[in-house]
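So the chains spell out like this:
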Amino acid sequence: MKLQNSTNDGPIKTFISRSKLIIWFSKFHCGVMKFSGGRLMNSLMGLDMLLLETIGRKSGKRRVTPLLYVNDDENGYLCVASFGGNSQHPEWFKNVRTSKCSVLKIKTGSVPVSVKVLEGDERLSAWAKVTRYYPPYKKYQERTSRPIPIVKFSPCVKTQRD
């Protein structure tokens, strides 16, 4: 699919076409994962995929987004808010920044998670890890002037009341 036509529309047309393609494929991918109960498309070209459930910050509606993830440690998952290198943050990132807890659907399981946007040395370390796993993130960063955020999702810890 050609992302830029032969007219002089430049980066604006490229952004719109790339973002529409990402959104369309995300909806398709999400539908397949949900329909199959996580048994299909939990891996895409050998890369681990999950479904992120959030609440829309404006609409208040449940939103589900497929994301590539990297295991960070025993209990953490790293996701990159790249939006293919577009100049704007993806909507899922805007939604998780305003939520206290989200849900990840990984394969056939479901995990309530807390959200942390990584910064400083923690982000640099995570950036090295995610770009080793998926090198195109480096090209995405070159396409945009915004620092691409990395989000760490950690399982919510249940506490007992005495």
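Our subject is the structure that appears above.
Bear in mind that the values here come from a model prediction, so they are computed numbers and not experimental data.

Trainee: Kindly report on the packing of aromatic side chains, identifying the contributing residues and their values.
Mentor: With the rule as written, the count across this model stands at 6 aromatic pairs. Relative to F93, the ring of W92 lies with its centre 6.2 Å away and its plane at 85 degrees, an arrangement referred to as edge-to-face. The exposure class of W92 is buried, given its relative accessible area of 8%. Aromatic side chains Y137 and Y140 sit 5.9 Å apart centroid to centroid with 75 degrees between the ring planes, which places their arrangement in the edge-to-face category. Of this pair, Y137 and Y140 both sit in helix α4 (residues 136-143), 3 residues apart, which is roughly one turn of the helix. Since its relative accessible area comes to 17%, Y140 is described here as buried.

Trainee: Can you explain helix α3 (residues 120-133)? Please cite residues and give values.
Mentor: Taking 1.5 Å per residue, 14 residues should reach 20 Å; α3 reaches 20 Å between its end C-alpha atoms and fits that length. By the burial criterion, the buried members of α3 are R123, A126, W127, V130 and T131. End-on view of α3: buried residues confined to an arc of 130 degrees, all on one side of the axis. Exposed residues on α3 whose side chains face more than 90 degrees from its buried face are D121, L124, S125 and R132. The elements touched by buried residues of α3 are β4 (70-71), β5 (77-80), α4 and β8 (150-155).

Trainee: Please provide a residue-by-residue account of the environment of P112, values included.
Mentor: Positionally, P112 belongs in strand β7 (residues 109-117). On the basis of relative accessible area, P112 is assigned to the partly exposed category, the value being 40%. Separated by 60 residues in sequence, P112 and L52 place their C-alpha atoms 9.9 Å apart. Contact partners of P112, with chain neighbours within four places excluded, come to C101, S102, V103, S154, P155 and C156.

Trainee: Before we move on, could you go through the pairing of β8 and cite the residues and values that matter?
Mentor: Along any regular strand the residues' side chains alternate between the sheet's two faces. Note: β5 against β8, 4 bridges, orientation antiparallel. What sits directly across from Y77, in β8, is F153. In this sheet, β8 lies alongside β7 in antiparallel orientation, the contact comprising 5 bridges. Residue pairing in the sheet places K116 in a bridge with K152 of β8.

Trainee: Quick one: what's the story with the pattern of salt bridges, residue by residue and with numbers?
Mentor: Inspection of every chain in the model, using the stated rule, returns 8 salt bridges. As a salt-bridge pair, D72 and K129 come within 3.7 Å of each other at their nearest N and O atoms. On the criterion of sequence distance, the pair formed by D72 in the loop between β4 and β5 and K129 in helix α3 is long-range, its members being 57 residues apart. For D72, a relative accessible area of 23% gives the class partly exposed. We note a salt bridge from D73 to K152, for which the minimum N-O separation is 2.9 Å. One end of the pair, D73, is in the loop between β4 and β5; the other, K152, is in strand β8, and 79 residues separate them in sequence.

Trainee: Can you explain the side chain of T65? Please cite residues and give values.
Mentor: With respect to the helices and strands, T65 occurs in strand β3 (residues 62-68). Accessibility expressed as a relative area gives 18% for T65, which makes it buried. The residues contacting T65, other than those within four sequence positions of it, are L50, L51, L52 and W92.

Cut-offs used in this document
- Residues numbered from 1 in each chain as written.
- Predicted model: local features only at pLDDT ≥ 70, side-chain atom pairs only at ≥ 80, totals over all residues.
- Heavy atoms only, no water.
- Phe/Tyr/Trp six-rings, centres within 6.5 Å; stacked < 30°, edge-to-face > 60°.
- Buried < 20%, exposed > 50% of the residue type's maximum accessible area, 1.4 Å probe, protein only.
- Helix = DSSP H or I, 4+ residues; strand = E, 2+ residues; numbered from the N terminus.
- Expected span 1.5 Å × (residues − 1).
- Arc of directions from axis to C-beta.
- Contact = heavy atoms within 4.5 Å.
- Pairing = 2+ DSSP bridges.
- Salt bridge = Lys/Arg side-chain N within 4 Å of Asp/Glu carboxyl O.

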